[in-house]
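# Architecture and fold: a report
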Amino acid sequence: MTDEDWMRYAIRMAQRAEQQGEVPVGAIIVTQNTCIAEGWNQPIQNHDPSAHAEILALRKAGQYLQNYRLSDCTVYVTLEPCVMCMGALAHARIQRIVFGAFDPKRGAVCHALQLAEADFLNHRMQWQGGVLESECAELLTDFFRARR
């Protein structure tokens, strides 16, 4: 499958979040061309500020692989990860991050912070942004427009 195919899967996870009244961000974790974990934003529902899509997917992937190191994995997420999620992705030794919409204000891959290539982290992650960017950004724009 292609990065676009996997991102479409992550978009379906974002739509789940939206159906539950959460900010529509979805994530999946793939290894050896198989999705091993999925997550969508659930901080409101779970009463947990750390329940971002990426964190929930990381937890499931670790359980699936019975390992906290996810070094052969790619995470697909609909929005550029925040600083909390980037820290967790680095600690998990994620090999590659692919995201849809850029987040110029809070993105921690290549915007507000550039943690994917930070010298102070002991792990560097490959990354690609802008995969199905317009579809991912539209989910967020429509969600916030409806709430205002």
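All values derive from a computational prediction rather than experimental measurement. (Residues numbered from 1 in each chain as written. Predicted model: local features only at pLDDT ≥ 70, side-chain atom pairs only at ≥ 80, totals over all residues. Heavy atoms only, no water.)

## As for unusual backbone geometry
- Of note in the backbone geometry, Asn33 takes a positive phi value of approximately 60 degrees without being a glycine.
- Along the chain, Asn33 falls in the loop between β1 (26–31) and β2 (34–40).
- Taking the relative accessible area as the measure of exposure, Asn33 reaches 48% and is therefore partly exposed.
- If you check the backbone angles, Arg93 has positive phi at about 65 degrees while not being a glycine.
- On the secondary structure map, Arg93 appears in the loop between α4 (83–91) and β4 (96–101).
- For Arg93, a relative accessible area of 18% translates into the label buried. (Helix = DSSP H or I, 4+ residues; strand = E, 2+ residues; numbered from the N terminus. Buried < 20%, exposed > 50% of the residue type's maximum accessible area, 1.4 Å probe, protein only.)

## Regarding the packing of aromatic side chains
- Counted by the stated rule, this structure contains 5 aromatic pairs.
- For the pair Phe99 and Phe102, a centre-to-centre distance of 5.1 Å together with 85 degrees between the ring planes defines the contact as edge-to-face.
- Aromatic ring contacts, followed pair by pair, group Trp6, Tyr9 and Tyr76 into a single cluster.
- Above the face of the Tyr9 ring, Arg12 is positioned so that its terminal group lies 5.0 Å from the ring centre. (Phe/Tyr/Trp six-rings, centres within 6.5 Å; stacked < 30°, edge-to-face > 60°. Lys NZ or Arg CZ within 6 Å of the ring centre and 35° of its normal.)

## Notes on the side chain of Asp103
- Within the secondary structure layout, Asp103 lies in the loop between β4 and β5 (126–128).
- Of the polar contacts made by the side chain of Asp103, one reaches the backbone nitrogen of Arg106; its length is 3.2 Å.
- Apart from the residues within four sequence positions on either side, Asp103 is in contact with Leu79, Glu80 and His111. (Polar contact = N/O pair within 3.5 Å; in protein donor to acceptor, adjacent residues only side chain to side chain. Contact = heavy atoms within 4.5 Å.)

## So, the sheet that holds β2
- Overall, mixed pairing links the 5 strands, which are arranged β2-β1-β3-β4-β5 in an open sheet. Looking at the sheet topology across the chains shown, the edges are occupied by β2 and β5. Strand-to-strand twist across the sheet, computed as the mean angle between neighbouring axes with direction ignored, equals 15 degrees.
- On top of the sheet, helix α3 (residues 53–65) reaches β1, β2 and β3 (74–79); it is set at about 140 degrees to β2, its chief contact. (Pairing = 2+ DSSP bridges. Axes fitted to C-alpha atoms, helices over the stretch in contact; angles between N-to-C directions.)

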